[in-house]
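Listed below, chain by chain, are the residues.
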2 protein chains.
Amino acid sequence: MSSLAYILMGLLKDEPLTGYELNKRFQYATQFFWTTDQSQIYRALSKMHERGWVEIEYVVQEENPNKKIYHLTPSGYEALRVWLATPLKPEASRSPYLAQIFYGGDLTAEELIGVLEARLKWQDPEREELEKRWAEVKDYPDTEITKAQFLRRLTLEYGVLWYRLQRDFLEDAIARIRAKWEDET
Amino acid sequence: MSSLAYILMGLLKDEPLTGYELNKRFQYATQFFWTTDQSQIYRALSKMHERGWVEIEYVVQEENPNKKIYHLTPSGYEALRVWLATPLKPEASRSPYLAQIFYGGDLTAEELIGVLEARLKWQDPEREELEKRWAEVKDYPDTEITKAQFLRRLTLEYGVLWYRLQRDFLEDAIARIRAKWEDET
DNA sequence: CCTTTATATATGCAATTACATATATAAACT
DNA sequence: AGTTTATATATGTAATTGCATATATAAAGG
């Protein structure tokens, strides 16, 4: 099973949820370490059910479509525990925008910078969203929160650091490319 | 076409190469922004040939298997240029190890730290390799190198900054998890 | 002597992915 | 009046992926 199943089980560990609700969590809770499509969530839930990792509670509704609430089973929890403690092999690196810089020697400064500005433009709102969440929790000492809260905050901190690195690098790169290209002409 | 074809053309822009040689470049030149499998390179080259982006020079050898040297065509170069100047949509984030931290509240400190130490162990040699390459080029002023060298160095710099962030985060996380778990017991 | 490594290209395959689309009702917006 | 959004689940599909394996020769290492 791909990581997706385990990430879903991580969410189900705290509360039973429908596929629809899990999908909504994905736009918020896990978005900086895992993104996925709605269709993948339903497919993953099917496979998890086949394996007995989740049980389905069918809920008939009148105003809205019927729904299936997924409950994590003990066997699912066990599978999650094992996965959480298993060192994973390195992920594939995939940053096509770095390739665009790497090979961009023949482009104009505007073309190159256009690519980097576009990236800044979508990354910065995401960075600000994380900064906001980080500001709310950063001041509690490690000793005054639960282990789970501590770990969630730790990943949030990583997210903030990562986005700041991206922003700093992009801003620096844009300035230096501009200077370099002006110099050469 | 996926980014792979363009990254291959970026390499072919400077010199015609065989699939075998391209594969070797991938373990070095591009490894921190793109990793791939040997089989993907041959498959991508086939597709690129169908599209007329590369031409094949057949070389018969006696001591070694025959080989095909791929030359970038003007139409390939043009496709590369267009891609390089096109802002790409955000890549999917995929960091399962962050998920392991995020959901790791029920694990022991040793289990959690084991995952992080394993990651440090494979990342640190890669970081050191990049640091070494960075040390060799970092002191030339931007004005004394070509645009292409400048951009290659810029991506290398990003790679170094990224690996340092990883190391700093992992070391800090390990220390804080250890402290927190000792505290709770 | 046997195994591994280097040279060189290629296919089979199952898993995973993103994107589009289907179905259905109700509310809210334009 | 017509469109979009929210609720809710599901399938079709082409592309891409990593891994394994096939073929073939020569050199180097154990």
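Residues numbered from 1 in each chain as written. Chains lettered and ligands numbered in written order. Predicted model: local features only at pLDDT ≥ 70, side-chain atom pairs only at ≥ 80, totals over all residues. Heavy atoms only, no water.

Student: Hey, could you go over the overall build of chain A for me, with residue numbers and the actual values?
Tutor: Tallying secondary structure elements over chain A gives seven helices and three strands in all. Traced from its N-terminal end to its C-terminal end, chain A shows the element sequence α-β-α-α-β-β-α-α-α-α. What you see for chain A is a C-alpha radius of gyration of 21 Å, clearly larger than the 16 Å of a compact globule of 185 residues, by over 25%. Classification of the 185 residues of chain A by burial places 46% in the buried group. Sequence-distant contacts in chain A: of pairs separated by 6 or more residues, those separated by 24 or more amount to 59%. Accessible area of chain A: about 9,500 Å², with a carbon and sulfur share of 49%. (Helix = DSSP H or I, 4+ residues; strand = E, 2+ residues; numbered from the N terminus. Rg over C-alpha atoms; globule rule 2.2 N^0.38 Å. Buried < 20%, exposed > 50% of the residue type's maximum accessible area, 1.4 Å probe, protein only. Contact = heavy atoms within 4.5 Å. Areas by Shrake-Rupley, 256 points an atom, 1.4 Å probe, with all protein chains shown as cover.)

Student: Can you break down the protein's contact with DNA strand D residue by residue, with the values?
Tutor: Taken together, the neighbourhood of DNA strand D is formed by 28 residues, with Y20, R43, Q61 and K68 of chain A together with Q40 of chain B sitting nearest. Counting only the atoms of DNA strand D that lie within 4 Å of the protein, the sugar and phosphate share comes to 59%. Contact distances for DNA strand D include 3.1 Å between a phosphate oxygen and a side-chain N or O atom of R94 of chain A. Those elements giving two or more residues to the surface near DNA strand D turn out to be α2 (19-26), α3 (38-50) and β3 (67-72) of chain A together with α3 (38-50) of chain B. Partitioning the surface near DNA strand D into residue classes produces seven nonpolar, eleven polar and ten charged. (Near = heavy atom within 4 Å. Polar contact = N/O pair within 3.5 Å; in protein donor to acceptor, adjacent residues only side chain to side chain. Nonpolar A, V, L, I, M, F, W, Y, C, P; charged D, E, K, R; others polar.)

Student: Now, about the protein's contact with DNA strand C: what can you tell me, with residues and values included?
Tutor: Near DNA strand C there are 28 residues, and of these S39 and Q40 of chain A together with R43, Q61 and K68 of chain B occur at the shortest range. Restricting attention to atoms of DNA strand C within 4 Å of the protein, one finds that 58% of them are sugar or phosphate atoms. At a separation of 2.7 Å, a base nitrogen of DNA strand C approaches a polar side-chain atom of Q40 of chain A. At the level of secondary structure, the elements contributing two or more residues to the surface near DNA strand C comprise α3 of chain A together with α2 (19-26), α3 and β3 (67-72) of chain B. Across the surface near DNA strand C, the residue classes break down as seven nonpolar, eleven polar and ten charged.

Student: Break down α3 of chain B for me, citing the residues and quoting the values.
Tutor: Residue and element names in this part refer to chain B. Given a rise of 1.5 Å per residue, 13 residues ought to cover 18 Å, and the 19 Å separating the end C-alpha atoms of α3 matches this to within 8%. Buried within α3 are the following residues: I41, A44, L45 and M48. Taken around the axis of α3, the buried residues stretch over an arc of 105°, which confines them to a single face. Every exposed residue of α3 that faces more than 90 degrees away from the buried side is listed here: R43 and E50. Close packing links the buried residues of α3 with α1 (3-14), α2, β2 (54-59) and β3. With its phi angle positive at about 80°, G52 sits one or two positions after the end of α3. (Expected span 1.5 Å × (residues − 1). Arc of directions from axis to C-beta.)

Student: Residue-level account of the sheet that holds strand β2 (residues 54-59) of chain A, with values.
Tutor: All names here are of chain A. One open sheet holds the three strands; their spatial order is β1-β3-β2, and the pairing between them is antiparallel. Either end of the sheet is taken by a strand with one partner, and the two such strands are β1 (17-18) and β2. Both β1 and β3 contribute to a ladder of two bridges, which runs antiparallel. In the sheet register, T18 faces β3, and the bridge partner there is I69. With respect to the sheet, helix α1 (residues 3-14) is in contact with β1, β2 and β3, its orientation differing from that of β3 by roughly 90°. (Pairing = 2+ DSSP bridges. Axes fitted to C-alpha atoms, helices over the stretch in contact; angles between N-to-C directions.)

Student: Can you break down the sheet that holds β3 of chain B residue by residue, with the values?
Tutor: All names here are of chain B. In space, the three strands of this open sheet follow the order β1-β3-β2, with antiparallel pairing throughout. Of all strands in the sheet, those with a lone pairing partner are β1 (17-18) and β2, marking the two edges. Here α3 sits on the sheet in contact with β2 and β3, set at roughly 115° to β2.

Student: Account for the relation of the copies chain A and chain B, with residues named and values stated.
Tutor: Take chain A, turn it by 180°, move it 0.0 Å along the axis, and it overlays chain B with an RMSD of 0.0 Å. When the rotation and shift are considered jointly, the pair of chain copies conforms to a two-fold rotation axis. (Least-squares fit on C-alpha atoms with pLDDT ≥ 70 in both.)

Student: Before we move on, could you go through the layout of surface pockets and cite the residues and values that matter?
Tutor: By volume, the largest pocket is sized at about 1,300 Å³. At the level of secondary structure, the elements contributing two or more residues to the lining of the largest pocket comprise α2, α5 (96-102), α6 (109-137) and α7 (147-184) of chain A together with α5 (96-102), α6 (109-137) and α7 (147-184) of chain B. For the lining of the largest pocket, the class distribution of residues is 22 nonpolar, 18 polar and eight charged. (1 Å grid on protein atoms, 1.4 Å probe; cavity = no way out; pocket = protein on both sides within 12 Å on 5 of 7 lines; lining within 4 Å. Points joined across faces, edges and corners; volume = space filled by probe spheres on them.)

Student: Which residues make up the interface of chain A and chain B, and what values go with them?
Tutor: Facing 71 residues of chain A, the contacting portion of chain B comprises 71 residues. Across the contact surface, chain A and chain B share ten salt bridges. For the salt bridge of D142 of chain B with R176 of chain A, the shortest nitrogen-to-oxygen distance reads 3.1 Å. Sorting the residues of the side of chain A that touches chain B by element identifies α1, α4 (74-84), α5, α6 and α7 of chain A as the ones contributing at least two each. By residue number, the principal contributor to the side of chain A that touches chain B is α7 of chain A, which donates 21 residues. (Salt bridge = Lys/Arg side-chain N within 4 Å of Asp/Glu carboxyl O.)

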